[in-house]
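Chain and residue survey
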Amino acid sequence: MKTVLTIDDSKVVRTMVGRALQTFGVRVLEAQHGGEGLTLARADRPDLILLDVTMPVMDGRQTLAEIRGDASIHDVPVIMLTAESGKDIVIEIARLGVTGYIVKPFKQETFEKEVAKVLGSPEAAAEGAVDPTAVLVVDDSEKVLDVARAALAHNMKVLTALSGAEALETYRNSRPGVVVVDLAMPDMDGFATLAELRKLGRSGYVALSVRGDDAAQEKARKAGYHGVVGKPFREGELLDHVLTAASSVVAPEDLVKCCLGDEDGCPVFAIPPARVLSRLLPEFAKRLRSLAEDGNDRLIIDVARLEELSSDHVTSLARMLAEASGVGLRTAICTTNAGVIATLRELAEAGEARWADTRGAARACL
Amino acid sequence: MNASTTWEAGADPTDTRARVAGTLKRLSRTGALPTLPAVASAALALARDPDADIDRMCQIVRTDIGLSARVLRLANSAALGRRTPARRLNEAVVTIGLRKTTDVLVAACARQLYDTGSPLAEAQWRHALATAVASEKIARASRRADPSRAFLPGLFHDVGRVAFLLADEVSLRVIDRMVDECAGDRATLEEEWYGFDHAQAGAELAEDWGLALEQCDAIRWHHDPGTAGAAADLAAVINAADGVAYAIGQGVALWPPESVGLAALGLDAEAGQKLTEEIGEAFQENLAVLG
């Protein structure tokens, strides 16, 4: 799924832009001023930025100059949004390199025509959407593929490929939300594979490299990988990187599906990395309400793969336990880590949550 | 146009006028501003003519058989209390009065603007008619404005919204929803999106259509009567009428706009209640004639 970033200080304009973008089936990010827009652009590297000319804090011209001066986002297409009275400014900003401009208020047809120059027609853009719940793992070692499959299959649909060429074929057919690629493959290595994959669509990318090879890891990040995992990896470590990469391209409502599993009829929420978890909380709350409305009265929160809890994790877990209790779900927390249990004990008692070593035991105690 | 009473300090009226017209034309599917039929323009021109007479008004009305029927029907309505029914058009115009006949003609023609098939447009029409009826009655009861000049600005007070609706109904609904959800006040949201609000747009259209300057100013400032200069009293009447339209169930949004209220126009609670009931009945009678 392609991503479009709208930077405009007016909520009504951002709303209108979001509505106009619906036909393109893209993920929309919003920022209220240039500074916030730059932060989001650097974190998510959108496919298109729609940038208002006149804004407080950091106006469109300053923001555009910052974008063009940042190596990580300098080539992202930018379309300027300008008021009727601001058309004269367009000549000035054209020198800074913009793909086009749209005068506000705009008609849907005008908007679509301009945006299609970057995203393709609305139909084509929608067709390019990825499957947010699928992950493709590419490695020339069957053994690595088996380990990756075991690590990810609880949460996502896992596709595998033994070479870069096979990966491209699988990608064309399935459009997975995340692709995990071994950097050191014969014939087509991880860098060449990534370059070809990016021509086909926009997914989250995770590199597999030899643990400790700092130079390769740095090169991978510069090439556009969202994360790098050293081999051999722990199961939870790979899943964390995959979910983090997915969060760059997949909407929260889709991403939360990757964290929700099932243990013999009992819903299980596998805790993602703290950065991803905080983004998912509003969506998680909605899913809890749906679960309760569907007649569920139990929930397992699986934190088993966490070795230690960040303060963000603790804050988010507190909210999750409160949300679950609020909709009438009985909760069990699944972990064997004494440190985690000690940190969470007070929270769990407040939310009347139980403890269990495994998901099976958690289901049984509920 | 008297710039000192109609434009905010420092604004260039020509520039604002061109901006409103340019934006509405650009958004419109046809590339043109909403217009009134020629018969309405002729009636408005006649209303401005000091030598106007019944015969000339009858000539205008006769150009449209539907309008003739409406004028006769109104003349024979219970509200005007004729002892014997008017059978000829000139009898009907005499009964109604030249000025009121103009109001009826313009309202009947304006009705076409709202015939889009959209429920929102239909609600907007009923709100316009209710506000027009209320404006006339409030002006008369409060003596704050000439009642014979209150109906049309009441009718057109929200015609800027109709222009927005005709240009792009979805955008109008987005703003309506944001207002309903208290995400901002209507004038600000419209300013941010269109570059002007519906009151400004309505005043421009009304001026194009030939309404008097005081009436246009009352439309422009109907949400802020204190700023309307010489038209402040008429704007206050329109503002209060807008509120009464909501009170009789003819609103167009979840929340009624802020209103000066009838008390501010010197009508106590009892008089206000009685007047509101009269307005409700008069609205139904007008609706029966104008559809």
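Residues numbered from 1 in each chain as written. Chains lettered and ligands numbered in written order. Predicted model: local features only at pLDDT ≥ 70, side-chain atom pairs only at ≥ 80, totals over all residues. Heavy atoms only, no water.

Let's talk about the sheet that holds strand S1 (residues 3-7) of chain A
Strand pairing within a sheet occurs via backbone hydrogen bonds; the two strands may be parallel or antiparallel. Residue and element names in this part refer to chain A. Read from one edge of the open sheet, five strands run S2-S1-S3-S4-S5, paired in parallel fashion. Both outer strands of the open sheet, strand S2 (27-31) and strand S5 (100-104), are each paired with one neighbouring strand and no more. Each adjacent strand pair in this sheet contributes to an overall mean axis angle of 20°, direction not counted. Where strand S4 (residues 78-83) lies against S5, five bridges are found, and the strand directions are parallel. In the strand pairing of S5, Thr82 is matched with Val103. Those strands touched by helix H2 (residues 34-44) are S1, S2 and strand S3 (48-52), and its axis lies near 145° from that of S2. (Pairing = 2+ DSSP bridges. Helix = DSSP H or I, 4+ residues; strand = E, 2+ residues; numbered from the N terminus. Axes fitted to C-alpha atoms, helices over the stretch in contact; angles between N-to-C directions. Contact = heavy atoms within 4.5 Å.)

Things to note about the packing of aromatic side chains
Residues and elements named next belong to chain B. Following the criterion strictly, the structure yields eight aromatic pairs over all chains and no others. Taking the centre distance of 3.7 Å and the plane angle of 5° together, the rings of Phe164 and Tyr194 count as stacked. Here the residue Phe164 occupies a position in helix H10 (residues 159-167), and Tyr194 occupies one in helix H12 (residues 186-194), the gap between them amounting to 30 residues. For the pair shown, Phe164 and Tyr194 are each scored as buried. (Phe/Tyr/Trp six-rings, centres within 6.5 Å; stacked < 30°, edge-to-face > 60°. Buried < 20%, exposed > 50% of the residue type's maximum accessible area, 1.4 Å probe, protein only.)

Digging into the sheet that holds strand S15 (residues 354-356) of chain A
Residue and element names in this part refer to chain A. One open sheet holds the five strands; their spatial order is S11-S12-S13-S14-S15, and the pairing between them is mixed. Of all strands in the sheet, those with a lone pairing partner are strand S11 (260-263) and S15, marking the two edges. Sheet twist, expressed as the mean angle between neighbouring strand axes with direction ignored, is 30°. Here five bridges tie strand S13 (residues 298-302) to strand S14 (residues 330-334), and the two strands are oriented parallel to one another. Within S14, the position partnered with Leu299 by the bridge is Thr331. Each of strand S12 (266-270), S13 and S14 touches helix H14 (residues 311-326); the most contacted strand, S13, lies at about 170° to it.

Here's the deal with the pattern of salt bridges
Residues and elements named next belong to chain A. Taken as a whole, this structure holds 41 salt bridges over all chains when the rule is applied. Salt-bridge contacts for Arg149 lead to Asp146; the nearest nitrogen and oxygen are separated by 2.8 Å. In this pair, Arg149 and Asp146 are both assigned in helix H7 (residues 142-152), three residues apart and thus about one turn of the helix distant. Classification of Asp146 as partly exposed rests on a relative accessible area of 43%. (Salt bridge = Lys/Arg side-chain N within 4 Å of Asp/Glu carboxyl O.)

Quick look at empty space enclosed by the protein
Remark: the empty space left among the atoms is shown by a probe the size of a water molecule rolled over them. All names here are of chain A. This structure, assessed with the given rule, holds one cavity of 30 Å³ or more. Estimates place the volume of the largest cavity at around 30 Å³. Lining the largest cavity are Met1, Val130, Pro132, Val249, Val250, Ala251 and Asp254. Each residue belonging to the lining of the largest cavity can be placed in one class, and the counts come to six nonpolar, no polar and one charged. (1 Å grid on protein atoms, 1.4 Å probe; cavity = no way out; pocket = protein on both sides within 12 Å on 5 of 7 lines; lining within 4 Å. Points joined across faces, edges and corners; volume = space filled by probe spheres on them. Nonpolar A, V, L, I, M, F, W, Y, C, P; charged D, E, K, R; others polar.)

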